[in-house]
Amino acid sequence: VSFLRLSSQNSSKRCPRGRFSNSTGSQSLNSGCIPCFAGRYSEDDGVQVSNPTTIKPLPAETCNACPAGWSRGAPGSTFCLPCSMGHLQKNEGGITCDKCLSSLYNDEIGRSSDCSACPAGFISEKQGSASCQACPLGQYGLTWQGSMYCDKCPRGFVREDVLPADGACKEC
């Protein structure tokens, strides 16, 4: 909780939700309480406190850091948002969630660990994917430099069934 001593009064007040104070002797809550920085939040309810015995400036860390897997880009936030599927945030205090790279996916909300690789025979061609798709008919799954790709069956070979997705092309 961040307290602010108002110089014109013999009392102190809590900064409202989403704000904190790092100074003393301010003239008003508007000038003395500043918004929590992006990636941080405060859910204080703004309860008034009269005549506290000690008032000290409090650092920005008074506002809570968004947990890993969550983010908040707007200053003055009272809450953080979980990363959506296809995104992740590994660190506390995240301002944005990062998209999973192509050939990776994430089907969880609020993910804080690496995105998953698509299984054999499945691909994810765009960044920020929440799922992988089976290689289309006439193509097969190919791993190259640690990533899964679909490649056309060689001449004289065909793949007629979608499942199993990791199925090989068969000779005609």
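What counts and how
- Residues numbered from 1 in each chain as written.
- Predicted model: local features only at pLDDT ≥ 70, side-chain atom pairs only at ≥ 80, totals over all residues.
- Heavy atoms only, no water.
- Helix = DSSP H or I, 4+ residues; strand = E, 2+ residues; numbered from the N terminus.
- Contact = heavy atoms within 4.5 Å.
- Areas by Shrake-Rupley, 256 points an atom, 1.4 Å probe, with all protein chains shown as cover.
- Disulfide = S-S within 2.5 Å.
- Buried < 20%, exposed > 50% of the residue type's maximum accessible area, 1.4 Å probe, protein only.
- Salt bridge = Lys/Arg side-chain N within 4 Å of Asp/Glu carboxyl O.
- pLDDT = per-residue confidence, 0-100.
- 1 Å grid on protein atoms, 1.4 Å probe; cavity = no way out; pocket = protein on both sides within 12 Å on 5 of 7 lines; lining within 4 Å.
- Points joined across faces, edges and corners; volume = space filled by probe spheres on them.

Colleague: Any details on the overall build of the protein? Residues and values, ideally.
Modeller: Scanning the protein for helices and strands turns up one helix and 19 strands. For the protein, the proportion of contacts with a sequence separation of at least 24, taken over those separated by at least 6, is 45%. About 10,100 Å² of surface is accessible on the protein, with carbon and sulfur atoms providing 50% of the total.

Colleague: I'd like to hear about the state of the cysteines, residue by residue, with values.
Modeller: In the structure shown here, the tally under the stated rule is seven disulfides. Bridging Cys36 to Cys63, the disulfide has an S-S length of 2.1 Å. An S-S torsion of about -75 degrees defines the bridge between Cys36 and Cys63 as left-handed. Here the residue Cys36 occupies a position in the loop between strand 4 (34-35) and strand 5 (40-41), and Cys63 occupies one in the loop between strand 6 (48-49) and strand 7 (64-65), the gap between them amounting to 27 residues. Like Cys63, Cys36 is buried. In this model, Cys135 is linked to Cys150 through a disulfide, with the two sulfur atoms separated by 2.0 Å. Judged by the sign of its S-S torsion, about -90 degrees, the cystine formed by Cys135 and Cys150 is left-handed. In this pair, Cys135 is assigned in the loop between strand 15 (133-134) and strand 16 (139-144) and Cys150 in strand 17 (residues 147-152), connecting sequence segments 15 residues apart. No disulfide involves Cys172; its nearest neighbouring cysteine sulfur is the one of Cys153, lying 8.6 Å away.

Colleague: Provide a residue-level description of the pattern of salt bridges, including the pertinent values.
Modeller: In total, this model carries two salt bridges according to the counting rule given. Two residues, Asp114 and Lys90, come together in a salt bridge whose shortest N-O distance is 2.4 Å. Highlighted residues: Asp114 in the loop between strand 12 (104-105) and strand 13 (116-117) and Lys90 in the loop between strand 10 (87-88) and strand 11 (98-99), separated in sequence by 24 residues. In this structure Asp114 comes out as partly exposed when scored by relative accessible area, which is 47%. A relative accessible area of 46% places Lys90 in the partly exposed class. The shortest N-O distance in the salt bridge between Arg111 and Glu108 comes to 3.6 Å. On the basis of relative accessible area, Arg111 is assigned to the buried category, the value being 9%. Classification of Glu108 by relative accessible area gives partly exposed; the value is 39%.

Colleague: Outline the confidence of the model for the protein, listing residues and values.
Modeller: Here the protein shows a mean pLDDT of 77. Residues at 70 or above account for 70%. The model gives residues 1-9 a pLDDT under 50, and that stretch makes 46 contacts with residues more than four places away or in other chains. Confidence drops under a pLDDT of 50 for residues 45-60, and excluding neighbours within four residues, the segment shows 37 contacts in the predicted structure.

Colleague: Would you mind going over the layout of surface pockets in detail, with residue names and values included?
Modeller: By volume, the largest pocket is sized at about 150 Å³. Considering the residues around the largest pocket, the lining is formed by Ser102, Ser103, Ile123, Ser124, Glu125, Pro136, Gln139, Met148, Tyr149 and Cys150. For the lining of the largest pocket, the leading source of residues is strand 17, giving three residues.

Colleague: If you had to explain the environment of Asp98 to someone new, which residues and values would you point to?
Modeller: Relative to the helices and strands, Asp98 resides in strand 11. On the basis of relative accessible area, Asp98 is assigned to the partly exposed category, the value being 43%. Considered as a pair, Asp98 and His87 are 11 residues apart in the sequence and their alpha carbons are 5.3 Å apart. Apart from residues no more than four positions distant in its own chain, Asp98 is found in contact with Gly86, His87 and Leu88.

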